[in-house]
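Overview (structure and organization)
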Amino acid sequence: MTPASTPRTIEDLMGPQAPAHMRRLRQEQPVCPVKLPNGDEALLVTRYDDVAAVLSDPRFNRTFNPRGTTRAGDRATPPADLGQITRTLGMDGPPHRTLRAVVSKAFTARRVESLRPAIQKHTDNLIEDLRRHGSPADLVSIVASPLPIRVICELLGVPHEDSEKFRGWSDRTLSVTSYPREEVVTAWHDLFAYFGEQVALKREQPGDDLLSDMVAASDKEERLTELELVYLATGLLIGGHESTINAISLGMWRLLEHPAEVARIHADPSLIVTAVEELLRFQTLGDIDRQRFTQEDLELGGTPIQAGQMVMAGVLSANRDERYFTDPDRLDVARQPNPHLSFGLGPHFCLGAALARVELQIVLGTLLREFPGMRLAVPSDQVRRKTGLMVSGLEELLVAW
């Protein structure tokens, strides 16, 4: 049996009041029925231990799609529906481990550390763009948005000049209610076609980049089907920049709301490392993409759950759980330990976590160093947030200095 209650809409549990809502649920209803924007119902899990179990226990997994019979060299055709794409990107078990093995070497801490000079150069160039624009300026469009997409384009080996196309496609693929379904489907197909063309180019002229390595794994080692290759490249592009854009803009917003914490970083710049972890905990990007399905009848948090039930891991709530974080609603840039779950846990732990950390450390640290007097140009409650997407983010962040 599932808990008997009128499902809440997920929107009711987000926004400025989310911490208070989640605190009440952790205390009174740790497994709570919710209704998603598409009308589906799920169980939202809010306590840290239960969230960790949903993310790591094999009894919870994503929709599983066995590897097809398409082999390297076969022609990949656009899928009939979005389900085929999302199943490939979100698979479990041995097929998922194979996909991760192909790309994980590009995201090791050592490899990512070697990218620091390039990331710093991109950041410095964008900082100069910000200076040229003058105060006030929108930090999202000038810095937060261009940086991650330049980095992931460089990593994948695709042209920076195509970044504007990527941004439009990416916004639509992550849409829940902000774009019509037809536009979402078209964006997925456009991305699929684009990477089909890029794969063909890498076969003709391979380079020292991740996409060339993936093509080699597909063609020479037969570790990826053509469909998996194209879908994986698409997922890496979206996951490799969209979340980081939002983490930069949300992180800087939260810092500027807490000038005393900014002063601590100015006094000790090494705190930027723990500050990034704290910002990731304090401003979780979203829970709506943390969906899992139970593979058998089980009990979680004292609540019986039937096999096949959709469960959402409430990372936003877990990151504020009083059992693991002292004074969890306070931003503390020196917080240690900080076992936040913002990058997930278990087999689907974010591949790009090390890259995201380095990007955030560099861009936030550089902004604070180069603009010590930076402040919000509008009251905090007037900062424009994105709506209708699967992740939290800002439309713009107007700053002055």
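So, the overall build of the chain
What the chain contains, in helices and strands, is 16 helices and 11 strands. Residues classed as buried in the chain amount to 52% of the 401 residues present. Expressed as a percentage of contacts within the chain between residues at least 6 apart in sequence, the contacts between residues at least 24 apart total 74%. Element-wise, carbon and sulfur atoms account for 50% of the exposed surface of the chain, whose accessible area totals about 17,400 Å².

Describing the side chain of His-340
Considering the arrangement of structural elements, one finds His-340 in the loop between helix H15 (315-318) and helix H16 (353-370). Using a relative accessible area of 9% as the deciding quantity, one classes His-340 as buried. A polar contact is formed between the side chain of His-340 and the side chain of Glu-277, at a distance of 2.7 Å. Here the side chain of His-340 touches Ser-342 through a polar contact of 3.2 Å, landing on its backbone nitrogen. With sequence-adjacent residues up to four places away left out, His-340 is seen in contact with Glu-277, Leu-280, Arg-281, Asn-319, Phe-325 and Arg-357.

Regarding the sheet that holds strand S11 (residues 398-400)
Sheet architecture is open: three strands sit in the order S5-S11-S10, paired in antiparallel fashion. Because the sheet does not close on itself, it has two edges, and the strands there are strand S5 (137-138) and strand S10 (375-376).

Here we look at the side chain of Thr-234
Within the fold, Thr-234 resides in helix H12 (residues 226-257). Accessibility expressed as a relative area gives 2% for Thr-234, which makes it buried. Other than its neighbours up to four places away in sequence, Thr-234 contacts Trp-188, Leu-191, Phe-192 and Phe-195.

Considering the pattern of salt bridges
Per the counting criterion, the structure on display carries 21 salt bridges. When the shortest N-O distance is used, the salt bridge between Asp-329 and Arg-23 registers 2.7 Å. Placement of Asp-329 in the loop between H15 and H16 and of Arg-23 in helix H1 (residues 18-28) is noted, with a sequence separation of 306 residues between them. Here Arg-132 ties to Asp-129 by a salt bridge, and the two come within 2.3 Å at their closest N and O atoms. Residue Arg-132 and its partner Asp-129 are located together in helix H6 (residues 116-133), separated by three residues, close to a single helical turn.

Let's talk about H1
By the burial criterion, the buried members of H1 are Ala-18, Met-22, Leu-25 and Arg-26. Considered in projection along H1, the buried side chains sweep an arc of 100 degrees and stay on one side of the axis. The outward face of H1, more than 90 degrees from its buried face, is lined by the exposed residues Gln-27 and Glu-28.

Quick notes on the pairing of strand S6 (residues 291-294)
In S6, alternate side chains face the same way, and those of Arg-292 and Thr-294 are buried while those of Gln-291 and Phe-293 on the opposite face are not. Where strand S4 (residues 60-61) meets S6, two bridges bridge the pair, whose relative direction is antiparallel. Opposite Asn-61, over in S6, you have Phe-293 as the bridge partner. Where S6 and strand S9 (residues 310-313) come together, three bridges link them in antiparallel fashion. When the sheet's bridge partners are listed, Arg-292 is paired in S9 with Val-311.

With respect to the pairing of strand S3 (residues 41-45)
For S3, the tally of buried residues reaches four of five residues, placing the bulk of the element in the interior. Joining the antiparallel neighbours strand S2 (residues 31-35) and S3 is a turn of five residues, in which Gly-39 adopts a positive phi near 95 degrees. Pairing of S3 with S9 involves three bridges; the strand directions are parallel. Within S9, the position partnered with Val-45 by the bridge is Ala-313.

A few points about the confidence of the model for the chain
This prediction gives the chain a mean pLDDT of 83; 83% of its residues lie at or above 70. Across residues 64-88 the pLDDT falls below 50, and counting only partners more than four positions away or on other chains, this stretch makes 47 contacts in the model.

A look at the packing of aromatic side chains
Taken as a whole and assessed by the stated rule, the structure comprises six aromatic pairs. Note on Trp-169 and Tyr-194: the rings are 5.9 Å apart at their centroids and 55 degrees apart in plane angle, and the pair reads as tilted. Pair noted here: Trp-169 is in helix H9 (residues 163-173) and Tyr-194 is in helix H10 (residues 181-204), with a separation of 25 residues, a long-range link. Pairing Tyr-194 with Phe-195 gives two aromatic rings, centres 5.3 Å apart and planes at 90 degrees, and the pair type is edge-to-face. When its relative accessible area of 5% is taken as the criterion, Tyr-194 is described as buried. Across the ring face of Trp-253, the terminal group of Arg-254 is positioned such that the distance to the ring centre comes to 4.1 Å. Above the plane of the ring of Phe-282 lies Arg-320, whose end atom (NZ or CZ) is 4.3 Å from the centre.

About the criteria used
As a convention, each chain's residues are numbered from 1 in the sequence order in which they are written. Thresholds applied to this predicted model are a pLDDT of at least 70 for local features of residues and 80 or more for the giving and counting of side-chain atom pairs; totals over whole chains, interfaces and linings are not thresholded and use all residues. Neither water nor hydrogens contribute to the side-chain values; these are computed over all heavy atoms in the structure. Each helix is a run of DSSP H or I of at least 4 residues and each strand a run of E of at least 2, with the numbering of both proceeding from the N terminus. Burial status follows relative accessibility: with a 1.4 Å probe on protein chains alone, a residue under 20% of its type maximum counts as buried, one over 50% as exposed, and anything between as partly exposed. Only heavy atoms matter for contacts: two residues are in contact if any of them lie within 4.5 Å across the pair. Only the protein chains shown count as cover for residues, with accessible areas throughout obtained via the Shrake-Rupley method and a probe of 1.4 Å. Contacts described as polar in this section are N or O atom pairs within 3.5 Å, which, within protein, must combine one atom able to donate a hydrogen with one able to accept it, while residues neighboring in sequence count only if both atoms come from side chains. When DSSP finds two or more bridges between two strands, those strands count as paired. Salt bridge, as used here, is a side-chain nitrogen of Lys or Arg placed within 4 Å of a carboxyl oxygen of Asp or Glu. The arc in question is formed by the directions pointing from the helix axis toward the C-beta atoms. Each residue carries a pLDDT value, the predictor's own confidence for that position, ranging from 0 to 100. Centres within 6.5 Å are what make two rings of Phe, Tyr or Trp a pair, Trp counting through its six-membered ring; a difference in plane orientation under 30 degrees is then read as stacked, over 60 as edge-to-face, and the rest as tilted. By definition here, charges over rings are those cases where NZ of Lys or CZ of Arg is within 6 Å of the ring centre and within 35 degrees of the ring normal.

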